[in-house]
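Structure assessment
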Amino acid sequence: MTGERVWRYINDVLNRDHMMHLTLIDPDPLTLTPEKAGKIAKLAVDAGTDGIMVGGSTAFGILDQTVQEIKSNVSVPVILFPGNVNGLTKYADAVFFMSLLNSRNTYWIIGAQMLSAPAAKMLGLETISMAYLVVEPGGSAGWVGEAHLIPRDKPKIAAAYALEAETIGFKLVYLEAGSGASTAVPPEMVKLVSSTIRIPIAVGGGIVAPDQALDIVKAGAKIVVQGNIIEKTVLSDGGRLLKTMITRVKSEAQKKKAP
Ligand code: 1GP
C-alpha cells in the first residue's frame, strides 16, 4: 500500500482519542511463531489497541508469514518497526522509517535507511518517518544501535534532539528506553519534549503498569507502545489487563483534552 493511508489513520485516532496505543510484536521462530503472533494481535485489538507494530530483528525468515497471519486476524494497520534492513515485507501496511539520531554510527542514522529505501519503494510500503531516540537504559536497541544514550536526568538533551527532528521534517519522535527496560522513559523527559515540539511523541520500553502509561500520557505522549507485557499476558488472561490499561489511559487522555 502506498500513499498516506496509515498516517491518516494515526491522525484520525489521535484526533478522536487524543492518544494511541500500539502493540509491538517481535516474531521469533522458536518463541513467537506466526500463529501465536496472530492470536496475540487479535486479543490485543479486542482489548483496544489501535495498531500492531512488527519488529524484524528476531524474525529469521518468518516475517512475511507473521505479518500475513496478523493481517488475517485483525483489521487495524500493521506497521513495521525494523531493526535493520531485513525488516521489510510487502504484506505490511506501512513502515516506521526510523533514524536512530543519537547513534554514534552513521549506519544507524542514515546508512541502513539508504540501503532499504529502494526496497521500501519497490514493495509499495507507506513510509512514516520517525526520529528514534534511545534513552537510558536503552536495552538491546541501544546496544545494537550504538546509541550515545540520553541520560535519564537530562530531558533537555532529548528535547534538543526532538526539536532537531521536527525541524528536519520527521513526522514522529519515538523515545525508547529499550524493550523490557527496568525503567521506562521518565515522564519529566516526555513533558519537556512534548512542550518543545508539535509533532506526536511515541514512548516505549518498559511500560508495564497502567500508572506508568497514565503518567506518560499525562506528560504529553501521544502514542504508547507496549510489547513484552502484552506478549506475556494476553494469551493467559484473554487481554483483561491490557483492556483495563487502555481504557484507563484513553479516558485520562479524553479528560486532559476536555475543555
Ligand atoms: C521496544 O519500546 C518497545 O522497542 C516496547 O518495549 O517490550 O518493554 O514494552 P517493551
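Here the structure is a predicted model, which is why all the values come from computation and not from measurement. (Residues numbered from 1 in each chain as written. Predicted model: local features only at pLDDT ≥ 70, side-chain atom pairs only at ≥ 80, totals over all residues. Heavy atoms only, no water.)

**A closer look at the side chain of S116**
One can find S116 in helix 4 (residues 106-122). Its relative accessible area of 8% is what places S116 among the buried residues. Here A112 takes part through its backbone oxygen, which lies 2.8 Å from a polar atom of the side chain of S116. Leaving out residues up to four positions away in the same chain, S116 has contacts with V85, L88 and F97. (Helix = DSSP H or I, 4+ residues; strand = E, 2+ residues; numbered from the N terminus. Buried < 20%, exposed > 50% of the residue type's maximum accessible area, 1.4 Å probe, protein only. Polar contact = N/O pair within 3.5 Å; in protein donor to acceptor, adjacent residues only side chain to side chain. Contact = heavy atoms within 4.5 Å.)

**Considerations on the pairing of strand 7 (residues 201-204)**
Residues of strand 7 alternate between two faces, with I201 and V203 on one and A202 and G204 on the opposite face, all of them buried. Where strand 6 (residues 172-176) lies against strand 7, 4 bridges are found, and the strand directions are parallel. Bridging across to strand 7, Y174 finds its partner in A202. In terms of handedness, the path from strand 6 via helix 7 (residues 187-196) over to strand 7 forms a crossover that is right-handed. As judged from the 3 bridges shared by strand 7 and strand 8 (residues 223-226), these two strands associate in the parallel manner. In the strand pairing of strand 8, A202 is matched with I223. Traced from strand 7 through helix 8 (residues 210-218) to strand 8, the parallel crossover comes out right-handed. (Pairing = 2+ DSSP bridges. Right-handed = clockwise from strand over helix to strand, strands pointing away.)

**Some thoughts on the layout of surface pockets**
By volume, the largest pocket is sized at about 1000 Å³. In terms of lining residues, the largest pocket is bounded by 46 residues, among which S57, F81, G83, Y132 and A141 are the most central. Elements supplying a minimum of two residues to the lining of the largest pocket: helix 2 (34-46), strand 4 (94-100), helix 4, helix 5 (139-144), strand 6, strand 8 and helix 9 (228-237). No other element matches the 5 residues that strand 4 contributes to the lining of the largest pocket. Tallied by class, the residues present in the lining of the largest pocket amount to 22 nonpolar, 18 polar and 6 charged. (1 Å grid on protein atoms, 1.4 Å probe; cavity = no way out; pocket = protein on both sides within 12 Å on 5 of 7 lines; lining within 4 Å. Points joined across faces, edges and corners; volume = space filled by probe spheres on them. Nonpolar A, V, L, I, M, F, W, Y, C, P; charged D, E, K, R; others polar.)

**With respect to the site of the ligand**
In the vicinity of the ligand, the contacting residues are L24, F81, Y174, E176, S179, G180, G204, G205, G206, Q226, G227 and N228. Backbone polar atom of G180 to an oxygen atom of the ligand: 2.6 Å apart, as the coordinates give it. Its free accessible area being 310 Å², the ligand has 96% of it covered by the protein chains. Assessed atom by atom at 2 Å from the grid points, the ligand resides in the largest pocket. Here the residues of the shell around the ligand are counted per class, giving 3 nonpolar, 8 polar and 1 charged. (Near = heavy atom within 4 Å. Areas by Shrake-Rupley, 256 points an atom, 1.4 Å probe, with all protein chains shown as cover. Sits in = over half its atoms within 2 Å of the grid points.)

**Digging into unusual backbone geometry**
With an omega dihedral of 5 degrees, the bond running from E136 to P137 counts as a cis peptide bond. With respect to the helices and strands, P137 occurs in the loop between strand 5 (126-134) and helix 5. The phi dihedral of H18 falls on the positive side, at around 65 degrees, and the residue is not glycine. Note that H18 resides in the loop between helix 1 (5-17) and strand 1 (20-25). The phi dihedral of E146 falls on the positive side, at around 50 degrees, and the residue is not glycine. Inspection of the secondary structure assignment puts E146 in the loop between helix 5 and helix 6 (155-168). By relative accessible area, which is 36% here, E146 ends up partly exposed.

**Here we look at helix 10 (residues 240-257)**
Because the α-helix completes a turn every 3.6 residues, residues three or four places apart line up on one side. The end-to-end C-alpha separation of helix 10 is 26 Å, in line with the 26 Å expected for 18 residues at 1.5 Å each. Among all positions in helix 10, only L242, M245, I246, V249, K250, E252 and A253 are buried. The arc that holds the buried residues of helix 10, viewed along the axis, is 160 degrees, so those residues lie on one side. Helix 10 presents R240 and K255 as exposed residues on the side facing more than 90 degrees away from its buried surface. Elements in contact with the buried residues of helix 10: helix 1, strand 1, helix 2, helix 8, strand 8 and helix 9. (Expected span 1.5 Å × (residues − 1). Arc of directions from axis to C-beta.)

**Section: the pattern of salt bridges**
Scanning all chains against the criterion turns up 10 salt bridges. A salt bridge links D17 to R16, with the shortest nitrogen-to-oxygen separation between them at 2.8 Å. A salt bridge links D17 to K250; its shortest N-O distance comes to 2.6 Å. Separated by 233 residues along the polypeptide, D17 in helix 1 and K250 in helix 10 bring together distant segments of the chain. (Salt bridge = Lys/Arg side-chain N within 4 Å of Asp/Glu carboxyl O.)

**What about empty space enclosed by the protein?**
Vacant regions in the atomic arrangement are exposed by a probe of water-molecule size rolled over the atoms. Overall, the coordinates contain 2 cavities of 30 Å³ or more when judged by the stated rule. The volume enclosed by the largest cavity comes to roughly 40 Å³. Residue lining of the largest cavity: H18, V217, A221, K222, A253, K256 and K257, and that is the complete set. The biggest single contributor to the lining of the largest cavity is helix 10, with 3 residues. Grouping the amino acids of the lining of the largest cavity by side-chain chemistry returns 3 nonpolar, 1 polar and 3 charged. Considering only enclosed or pocket space, the second largest cavity measures out at about 30 Å³ in volume. Around the second largest cavity, the lining residues are M19, H21, A213, V224, M245, I246 and V249. Ranked by residue count, the leading element in the lining of the second largest cavity is helix 10, at 3 residues.

Just distances and angles here, no functional claims.
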